Amino acid sequence: MREIQHFINGKLVAGTSGRTLDVYNPSTGEVQAKSPLASADEVRSAIDAAQKAFPAWSAVNPQRRARVMFKFKDLLEQNMDDLAALLSSEHGKVLADAKGDVQRGLEVIEFACGIPHLLKGEYTQGAGPGIDMYSMRQPLGVVAGITPFNFPAMIPMWMFGVAVACGNTFVCKPSEKDPSVPVRLAELFMEAGGPEGVLNVVTGDKEAVDTILTDPRVKAVSFVGSSAIAQYIYETGAANGKRVQAMGGAKNHAIIMPDADLDRVVDDLIGAGYGSAGERCMAIPVAVPVTKAVGDELVKRLIPRVEELRVGPSTDPDADFGPMVTAEHRAKVLGYVDIGVKEGADLVVDGRGFSLQGYEDGFYMGGCLFDNVTTKMDIYKEEIFGPVLSIARADDFEQAIAMPSTHQYGNGVAIYTRDGDAAREFADRVNVGMVGINVPIPVPLAYHTFGGWKRSAFGDTNQHGPEGVKFYTKLKTVTSRWPTGVREGSSFVIPTMK
Ligand code: NAD
């Protein structure tokens, strides 16, 4: 059985804790590897390595650090096929989607290639007599990232791509369910010229996370995962004096106004609702048609499309989506479908009994479609994270905008309309962090920034883009005066510009 290894101080290192977790191939249901669950000592050895590497790496000038990022980006492109294959074999998303996962991470590396420009401070000449003021952004030191299973390439790169380019050193604790890609990324970063100790990956569970959260040498923690854990990370990290950004769960709504292009809406809902088996924090699990007529027509058109969805192994180029990540996760999603039926929602397409010939042990389920879901139901209130789309109907715009605005999550939302006024008003008023206008998955590009509101994000700085640079640096402001030949004597009054 293949044993996945940690990547510490520039080397693959076998786990020594004696604890491991099975890593599956979700397409076949077979255990394909063991993921080591790091002990506190193993995590500390990664932090030691990062601490040791920090003085030299932070002293490398930004242009040279950028050259490492350029080379790393080239290596990602050269290794795209292998990375995508490894990723989909552990996660279960289809190959084309796995490539998208690597590509979206690569785009953050492209952003990080501009780090010399991004780190430029501000300067005021002549702020007072002989006085100049300037600011600089300095790296924090050792920083850490804790990542979820659903984007094993993109999300680690959201974090370490920006962090190491800023001059920090990094400890990544990826999801224990599919940790091979993050380890491989660290190897490629070394190959690109990243010095040993700058980027470390330790695979593990709560013990590893708690060691990161309590070690005083770790200055900042970035987290992406479910909301309960995000809140725990935020509170524990902050109580231990760290800077923390912690992204949580989601329940993204698509509002469909009566003037929307319904053909396009149906295409987009199928892709955003069922792509990656719904295991995306920017999936659309709730569609809100406005007016009964729009709802009836939408459901009529969606039913055959959901029935026709092609579910297959992640290697099947014709599959729309693959299996769920684990049998346990599939059981949770199926449990929600049962709850929805009990709560009285209409299950108009039932994918619970789906089985794939030749792959009976894989973690598959078919697409499900609920109609007449209400805001009181648990299947509306909670994140399901599977191939389940709910239709929650609204009578008018006000009722529709209230739904995502009052929901506990506020990651993404979309509105479909041809009416510029309605779209503009929606974008202005909706209480959600990322908005799509006729765009189903409004994931901002790397040079913008990613982050939701309410229980979808704890902390106040988003991922990547200029906000990422802010998160991974501290601002220093210098006020300087060079002798002007005039002595003013001591002053006991606060200096002002009066
Ligand atoms: P998860 O919360 O189970 O795990 C995330 C990380 O936390 C993993 O590295 C895991 O090892 C660690 N962890 C789990 N339990 C822990 C505990 N008790 N104490 C300390 N650490 C713990 O999330 P997941 O199932 O891997 O990922 C899916 C979730 O991530 C969904 O809720 C999804 O919405 C969310 N997500 C959010 C975003 C976003 O940007 N908002 C992006 C992707 C995924």
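Just so you know, these numbers come straight off a predicted model, no measurement behind them. (Residues numbered from 1 in each chain as written. Predicted model: local features only at pLDDT ≥ 70, side-chain atom pairs only at ≥ 80, totals over all residues. Heavy atoms only, no water.)

The subject of this paragraph is the domain arrangement of the protein chain. Where interface size is quoted, it is often the accessible area lost as the parts come together. You can read the domains of the protein chain as domain 1 (2–248 + 456–478) and domain 2 (253–437). On a C-alpha basis, the centroid separation for the pair domain 1 and domain 2 is 31 Å. Tallying the contact residues gives 19 residues for domain 1 and 24 residues for domain 2. Of the roughly 1800 Å² buried between domain 1 and domain 2 on both sides combined, carbon and sulfur atoms contribute 58%. When the buried area of domain 1 at its contact with domain 2 is split by residue, Ser27, Val94 and Ser456 rank highest and sum to 28% of it. Seen at the junction of domain 1 and domain 2, the total is 1 salt bridge. The residue arginine 280 makes a salt bridge to aspartate 97 at a minimum N-O spacing of 2.9 Å. Broken down by secondary-structure element, the contributors of at least two residues to the side of domain 1 that touches domain 2 are α3 (80–91) and α4 (95–112). Looking at the side of domain 1 that touches domain 2 element by element, the count peaks at 3 residues for α3. (Domains from an automatic or database assignment. Contact = heavy atoms within 4.5 Å. Buried area = accessible area lost by both parts, 1.4 Å probe. Salt bridge = Lys/Arg side-chain N within 4 Å of Asp/Glu carboxyl O. Helix = DSSP H or I, 4+ residues; strand = E, 2+ residues; numbered from the N terminus.)

Glancing now at the pairing of strand β7 (residues 131–139). Looking down a regular strand, the side chains alternate between one sheet face and the other. Relative to β7, strand β6 (residues 123–128) runs antiparallel, the two being bridged by 3 bridges. Each bridged residue has a counterpart across the sheet, and for threonine 124 the counterpart in β7 is methionine 133. Connecting β6 to the next strand, β7, in antiparallel fashion are 2 residues, including glycine 130 with a positive phi near 70°. Bridging between β7 and strand β23 (residues 473–481) involves 9 bridges; their strand directions are antiparallel. By the bridge assignment for β23, aspartate 132 is matched with serine 480. (Pairing = 2+ DSSP bridges.)

Attention now goes to the site of the ligand. Close to the ligand lie 29 residues; Lys173, Glu176, Ser226, Gly248 and Glu383 are nearest. Bound to the protein, the ligand loses 88% of the 840 Å² it would expose on its own. In this structure, the ligand is accommodated by the largest pocket. At the level of elements, α6 (154–165), α8 (206–214) and β11 (218–224) are the ones that each hand at least two residues to the shell around the ligand. Broken down by class, the residue content of the shell around the ligand amounts to 15 nonpolar, 10 polar and 4 charged. Here the shell around the ligand spans two domains, and each of domain 1 (2–248 + 456–478) and domain 2 (253–437) adds at least three residues to it. (Near = heavy atom within 4 Å. Areas by Shrake-Rupley, 256 points an atom, 1.4 Å probe, with all protein chains shown as cover. 1 Å grid on protein atoms, 1.4 Å probe; cavity = no way out; pocket = protein on both sides within 12 Å on 5 of 7 lines; lining within 4 Å. Sits in = over half its atoms within 2 Å of the grid points. Nonpolar A, V, L, I, M, F, W, Y, C, P; charged D, E, K, R; others polar.)

Here the structure, examined in full by the defined rule, presents 2 cavities of 30 Å³ or more. Of the pockets and cavities examined, the largest cavity occupies roughly 100 Å³. Contributing to the lining of the largest cavity are 13 residues, with Ala250, Gly278, Pro285, Glu383 and Phe385 lying nearest its centre. The class makeup of the residues in the lining of the largest cavity is 7 nonpolar, 3 polar and 3 charged. Approximately 50 Å³ is the volume attributed to the second largest cavity. Lining the second largest cavity, in full, are Arg104, Glu107, Val108, Met154, Trp158, Val443, Pro444, Leu445, Ala446 and His464. Looking at the lining of the second largest cavity, the element that brings in the most residues is α4, giving 3 residues. A per-class count over the lining of the second largest cavity returns 7 nonpolar, 1 polar and 2 charged. (Points joined across faces, edges and corners; volume = space filled by probe spheres on them.)

Right, let's get into the layout of surface pockets. One way to see where empty space is left: roll a probe the size of a water molecule over the atoms. Of the voids in this model, the largest pocket is the one considered here, and its volume is about 930 Å³. In this structure, the largest pocket is lined by 41 residues; those nearest its centre are Lys177, Phe223, Gly225, Ser226 and Ile229. Among the elements that line the lining of the largest pocket, the one with the most residues is helix α9 (residues 227–239), at 5 residues. Taken together, domain 1 (2–248 + 456–478) and domain 2 (253–437) each give at least three residues to the lining of the largest pocket, which thus spans both. Of the pockets and cavities examined, the second largest pocket occupies roughly 470 Å³. Lining the second largest pocket we find 19 residues, and of these Pro129, Ile131, Arg481, Glu488 and Pro495 sit closest to its centre. Among the secondary structure elements, those contributing two or more residues to the lining of the second largest pocket are β7 and β23. For the lining of the second largest pocket, the per-class residue count stands at 11 nonpolar, 6 polar and 2 charged.

By size, the foremost hydrophobic cluster in this structure holds 65 residues, and its most contacted members are Phe72, Leu76, Phe170, Phe189 and Tyr472. In terms of residue count, α6 provides more of this core than any other element does, 10 residues in total. Taken domain by domain, the makeup of this core includes at least three residues from each of domain 1 (2–248 + 456–478) and domain 2 (253–437). Every residue in contact with phenylalanine 170, bar those within four places of it in the chain, is listed here: Ala50, Val143, Ala144, Gly145, Met159, Phe160, Ala163, Val164, Val198, Leu199, Asn200 and Tyr472. Membership of the second largest hydrophobic core comes to 60 residues, among which are Ile284, Leu369, Phe370 and Val413. (Core = buried A, V, L, I, M, F, W, Y, C linked by side-chain atoms within 4.5 Å. Buried < 20%, exposed > 50% of the residue type's maximum accessible area, 1.4 Å probe, protein only.)

Here we come to the sheet that holds β6. Reading across from one edge, β6-β7-β23 is the order of the 3 strands in this open sheet, with antiparallel pairing throughout. The open sheet has two edge strands, β6 and β23, and neither has a second partner. With direction set aside, neighbouring strand axes in the sheet form an average angle of 30°. (Axes fitted to C-alpha atoms, helices over the stretch in contact; angles between N-to-C directions.)

The next point concerns the sheet that holds strand β4 (residues 20–25). Within the open sheet, the 3 strands sit side by side as β1-β5-β4. Their pairing is mixed. Both outer strands of the open sheet, β1 (2–3) and β4, are each paired with one neighbouring strand and no more. As paired elements, β1 and strand β5 (residues 30–36) share 2 bridges and run parallel to each other. Following the sheet pairing, glutamate 3 is matched in β5 by lysine 34. Lying on the sheet, α3 is in contact with β1, β4 and β5; it crosses β4 at an angle near 105°.

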